[in-house]
Amino acid sequence: MEVLGRERGSELARERTEAETGGGGIERRDRPPSAVRLGSFLARDGSDGAAVWVDADTPHAGVVFGKRGTGKSYTLGVLAEGLAAAPGVAPVIVDPMGVFTGVTNDGGRVVAPAVRPAAIPPSVWPDLVGLDPTSGPGSLLWRSVADAVSDGADAVDDGADAVGDGPDAGRCPSLEAIGARVAAADAPDRTRRAVCNHLQLAASWGVFDAKAPPMSALVRDGDPVVIDLAGVPERAAGAVVRAVARGLYDARLAGVIAQLPWLLVDEAHAFFGGVADAALRTLLTRGRAPGVSLVCATQRPSALPDVAVSQADLLIAHRLTAGPDVEALAAAEATYLTGDLAARLPSGTGEALVVDDASETAHLVRIRERRTPHGGGSPRASDAASG
């Protein structure tokens, strides 16, 4: 048995519990505490070896790679199931494709995206709605959001703590209140109209709500939460991911939540390079101190920034075939690994090469079966014809 991500010789690494049912319904007499069952070692003859677990006692940064159909999203679901059963942690899943709703069978809940306008910094609003921050409309929007957040005029008071999620708490202006400030600003009519039109665009996304609960509310009960972003416009989805990532980070810094959040982001490449980029990079580089973990899953590792791979202490790689993606994996090779990492990639669906920084090892692993339904499978024409 191996616990990936756990320092050898740690107190938890020496503990063992009595016989109990582990992830996937397999009975273990030596199930490690505060760990998630990932699967089993894959022997050279294709048989299953000892169980493989992932540490859930301390925060981590992880990446899950794999071309379409090799099990990337499935593996993210396995991690979510295990985290749902682990004590002291709270998984939050960003679901751009609507494939993780099955976690409701495991006590989880699916929520529609809802973000307070103040959760997006004033300096980011121009980029969010497609305005040049240095232009007249862009600077007017920047000032209007900043003034509305600072003054609290016409803001919604939901009774939330003034501390907690940083700007995403307490009194929060609505989009309508920000628009009213724009309309009353000392600026040319043309400039004011441009800003109001872009605010109407943001309102049409349906994700901004001054009465939305603070992001800390997502994890207070510890149950898994799926944020359903299926069909949400790209910019709006980026705003939601930024608000969630930064909200969880700020809530832990302020001591508002006791659980350690794990943010699991599917199709993560879609959120780097946009408005969510800074918040995700913060979790990668500074999330360990407040106790916020981030796992990024993608079929395009070459589209992730270098920091996503360099900061990851756990790398799970399914099959990759595209040249740039294989090269991105090769660039992630640590000095303690011997041989060609890309050449060791598995070929079977549900198999993965797992690189663990804590033990400085790489293993072939067969991912365990999920307990909850997986929505990421491809539709079949034969099924449609028979139905």
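For the structure itself, look to the data block above.
The rules behind each value
Starting from 1, residues in each chain are numbered consecutively following that chain's sequence as written. Local features in a predicted model are, by the rule used here, given only for residues with pLDDT of at least 70; side-chain atom pairs are given and counted only at 80 or more, and totals for whole chains, interfaces and linings are based on all residues. In computing side-chain properties, one takes all heavy atoms of the structure into account and sets aside hydrogens as well as water. One bridge is not enough; two strands pair if DSSP finds at least two bridges between them. The helix and strand labels rest on DSSP assignments: H or I over at least four residues marks a helix, E over at least two residues marks a strand, and numbering proceeds from the N terminus. The salt bridge definition used is simple: a Lys or Arg side-chain nitrogen within 4 Å of an Asp or Glu carboxyl oxygen. Burial here depends on accessible area, computed with a 1.4 Å probe over protein chains only, as a share of the maximum for the residue type. Under 20% is buried, over 50% is exposed, and the range in between is partly exposed. Each helix should span, by expectation, one fewer than its residue count multiplied by 1.5 Å. By construction, the arc corresponds to the directions joining the helix axis to the C-beta atoms. By nonpolar core is meant a set of buried Ala, Val, Leu, Ile, Met, Phe, Trp, Tyr and Cys residues that side-chain atoms within 4.5 Å join together. Classification of ring pairs uses Phe, Tyr and Trp, with its six-membered ring standing for Trp, and accepts pairs whose centres are within 6.5 Å; under 30 degrees between planes counts as stacked, over 60 as edge-to-face, and the remaining range as tilted. Think of it as a cone above the ring: NZ of Lys or CZ of Arg counts as a charge over the ring if it is within 6 Å of the ring centre and within 35 degrees of the ring normal.

**A short note on the pairing of strand S11 (residues 225-228)**
Where strand S7 (residues 89-95) and S11 come together, four bridges link them in parallel fashion. Directly across from isoleucine 93, in S11, lies its bridge partner valine 226. One ladder, built from three bridges, connects strand S8 (residues 109-111) with S11; its direction is parallel. Residue pairing across strands places valine 110 opposite valine 226, the latter belonging to S11.

**Let's talk about the pattern of salt bridges**
In this structure the tally under the stated criterion is twelve salt bridges. Between arginine 368 and glutamate 81 there is a salt bridge, with the nearest N and O atoms lying 3.0 Å from each other. You can see arginine 368 sitting in the loop between strand S16 (361-367) and helix H11 (381-386) and its partner glutamate 81 sitting in helix H2 (residues 72-85), a full 287 residues away along the chain. Look at arginine 368 and you get buried, because its relative accessible area is 6%. Between aspartate 277 and arginine 281 there is a salt bridge, with the nearest N and O atoms lying 2.5 Å from each other. Here aspartate 277 pairs with arginine 281, and both are found in helix H8 (residues 277-286), just four residues apart, close to one helical turn. Under the relative-accessibility criterion, aspartate 277 is labelled buried at 14%. Look at the salt bridges and you will find they share partners, linking Asp48, Glu351 and Arg366 into a network.

**Description of helix H4 (residues 136-151)**
For H4, which comprises 16 residues, the first-to-last C-alpha distance of 22 Å matches the rise-based estimate of 22 Å (1.5 Å per residue) to within 8%. Along H4, the positions that sit buried rather than exposed are Pro137, Gly138, Leu140, Leu141, Ser144, Val145 and Ala148. Down the axis of H4, the buried side of the element spans an arc of 165°, and every buried residue falls inside it. Away from its buried face by more than 90 degrees, H4 exposes Ser150 and Asp151.

**Quick notes on the nonpolar core**
Judged by nonpolar contacts, the single largest core of 75 residues is most densely connected at Trp125, Phe208 and Leu263. Per-element tally for this core: the top contributor is helix H7 (residues 234-253), with eleven residues. Counting residues in each nonpolar core, the second largest holds 30 residues, with Val64, Leu83, Val295 and Ala297 among its members.

**Focus on the environment of valine 225**
Tracing the sequence through the fold places valine 225 in strand S11. Spatially, the C-alpha atom of valine 225 lies 4.9 Å from that of valine 92, the residues being 133 residues apart in sequence.

**Observations concerning the packing of aromatic side chains**
The final tally for this structure, using the stated rule, is two aromatic pairs. Here tryptophan 205 and phenylalanine 208 contribute two aromatic rings whose centre-to-centre distance is 6.5 Å and whose plane-to-plane angle is 35°, an arrangement assigned as tilted. Grouping residues by exposure puts tryptophan 205 and phenylalanine 208 together as buried. Ring pairing ties together the aromatic residues Trp125, Trp205 and Phe208, which thus form one cluster. The aromatic ring of tyrosine 74 is capped on one face by arginine 370, whose charged end is 5.8 Å from the ring centroid.

**A look at the pairing of strand S6 (residues 61-65)**
Here S6 lies mainly inside the structure; five of its five residues are buried. Burial along S6 is two-sided: Ala61, Val63 and Phe65 and Gly62 and Val64, pointing in opposite directions, are all buried. Looking at chain direction, S6 and strand S13 (residues 293-298) are connected through five bridges and run parallel. In the sheet register, phenylalanine 65 faces S13, and the bridge partner there is threonine 298.

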